[in-house]
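Summary of structural features
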Amino acid sequence: SVYFNPKTGKVCNQNDAVSTTGTKTGCMKWYIYSEDDSNYNMILDHNTTANVLYNSTGSNTEMKEVKTALDNDTSTWDSSLKARLITANEVAKITGNTSFDEKTSSDWFYLDSNNKTQVANSTNKSKYAWLFDYTNGCKEYGCNIEDSSTTAYWTSSSTVNRPKYVWIVYRLGTLDYSDVSKNNRGIRPVITISKSIIS
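Model, not experiment: these values are computed from the prediction.

Attention shifts here to the sheet that holds strand 8 (residues 174-179). The antiparallel open sheet is built from four strands, whose spatial order is 5-8-7-6. This sheet does not close on itself; its edge strands, each paired only once, are strand 5 (109-110) and strand 6 (152-158).

Written out as structure tokens, the structure is:
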């Protein structure tokens, strides 16, 4: 994990980091989940907004309320970080699910098994707890830290054969899909930072 302040664009002290749902500024905890030659992609450890609709019109073709909330949550951040939502394909890549494709797949899966078999639980922690910590009731599905205010967070990826649905990272430790007009899903921003910042 990396402790980083997205407003100053600088690494910060672990003791200063705040992970409370709704915290949008200051020193926060991030997880590196992918990289290229010069950059890291990092996801926040909590939701900056607990609950927001994806699109109140019921369409999954564009991010609506969720885009406004993301822009508001990250308005003071260094714009070079390109704050955004994670894609469903990125989540599948993290868990090594090579058969999943957000454009064609129609099935949810547990992050730890890449299928519908639950293997993580309260005693057998999830390898991907960091992806669904701070969600409601997640401990029995293998997370470390629960938060009753939110059940999931939106990805930026819509489903293909379900016209009103978008992929979410859900409190059960799954990549699932959700109706765009459900509001108990939040925002967990992703940023891209230069490796030179934390090397």
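Another aspect to go through is the state of the cysteines. Applying the stated criterion across every chain, the model contains two disulfides. Here C12 connects covalently by a disulfide to C27, the sulfurs 2.0 Å from one another. Disulfide C12-C27: torsion about the S-S bond near 85°, hence right-handed. Taken as a pair, C12 in the loop between strand 2 (10-11) and strand 3 (28-35) and C27 in the loop between strand 2 and strand 3 lie far apart in primary sequence, 15 residues in all. Across a sulfur-sulfur distance of 2.0 Å, C138 and C143 are joined as a disulfide pair. Of note, the bridge from C138 to C143 carries an S-S torsion of about 70° and is right-handed in sense.

Right, let's get into the packing of aromatic side chains. Following the criterion strictly, the structure yields eight aromatic pairs and no others. Aromatic side chains W108 and Y110 sit 5.3 Å apart centroid to centroid with 80° between the ring planes, which places their arrangement in the edge-to-face category. We classify Y110 as buried; its relative accessible area is 12%. Members of the aromatic cluster, joined through ring pairs, are F100, F109, Y165, W167 and Y177.

Moving on, we come to the pattern of salt bridges. Applying the stated criterion to the full structure yields seven salt bridges. Of the charged contacts in the structure, one is a salt bridge between K67 and D71, with a shortest N-O distance of 2.8 Å. Taken together, the positions of K67 and D71, both in helix 1 (residues 65-73) and four residues apart, correspond to about one turn of that helix. On the accessibility criterion, K67 (34% relative accessible area) is partly exposed. Note that D179 and K164 form a salt bridge whose closest N and O atoms lie 3.6 Å from each other. On the criterion of sequence distance, the pair formed by D179 in strand 8 and K164 in the loop between strand 6 and strand 7 (165-170) is long-range, its members being 15 residues apart. Given a relative accessible area of 14%, D179 falls into the buried group.

In this section: the pairing of strand 4 (residues 39-44). Across the six residues of strand 4, five count as buried, placing the element largely inside the fold. One ladder, built from five bridges, connects strand 3 with strand 4; its direction is antiparallel. Across the sheet, residue S34 finds its bridge partner in strand 4, namely N41. In this antiparallel pair of consecutive strands, strand 3 and strand 4, the connection spans three residues.

So, how was this worked out
- Along every chain, residues carry numbers that run from 1 in the direction the sequence is written.
- In keeping with the model being predicted, local features are shown solely for residues with a pLDDT of at least 70 and side-chain atom pairs are shown and tallied solely at 80 or more, while totals for entire chains, interfaces and linings include all residues.
- Water and hydrogen atoms play no part in the side-chain values, which are based on all heavy atoms of the structure.
- Here, any two strands with at least 2 DSSP bridges between them count as paired.
- Under the DSSP-based scheme used, a helix requires at least four consecutive residues in state H or I and a strand at least two consecutive residues in state E, with every element numbered from the N terminus.
- Working definition: a disulfide is two cysteine sulfur atoms within 2.5 Å of each other.
- Pairs were defined over the aromatic rings of Phe, Tyr and Trp, the Trp ring being its six-membered one, requiring ring centres within 6.5 Å. Orientation was assigned from the angle between planes: stacked under 30 degrees, edge-to-face over 60, tilted for the rest.
- Only protein chains enter the accessibility calculation, which uses a 1.4 Å probe. A residue is then buried if its area is under 20% of the maximum for its type, exposed if over 50%, and partly exposed in between.
- The working definition used for a salt bridge is a side-chain nitrogen of Lys or Arg within 4 Å of a carboxyl oxygen of Asp or Glu.

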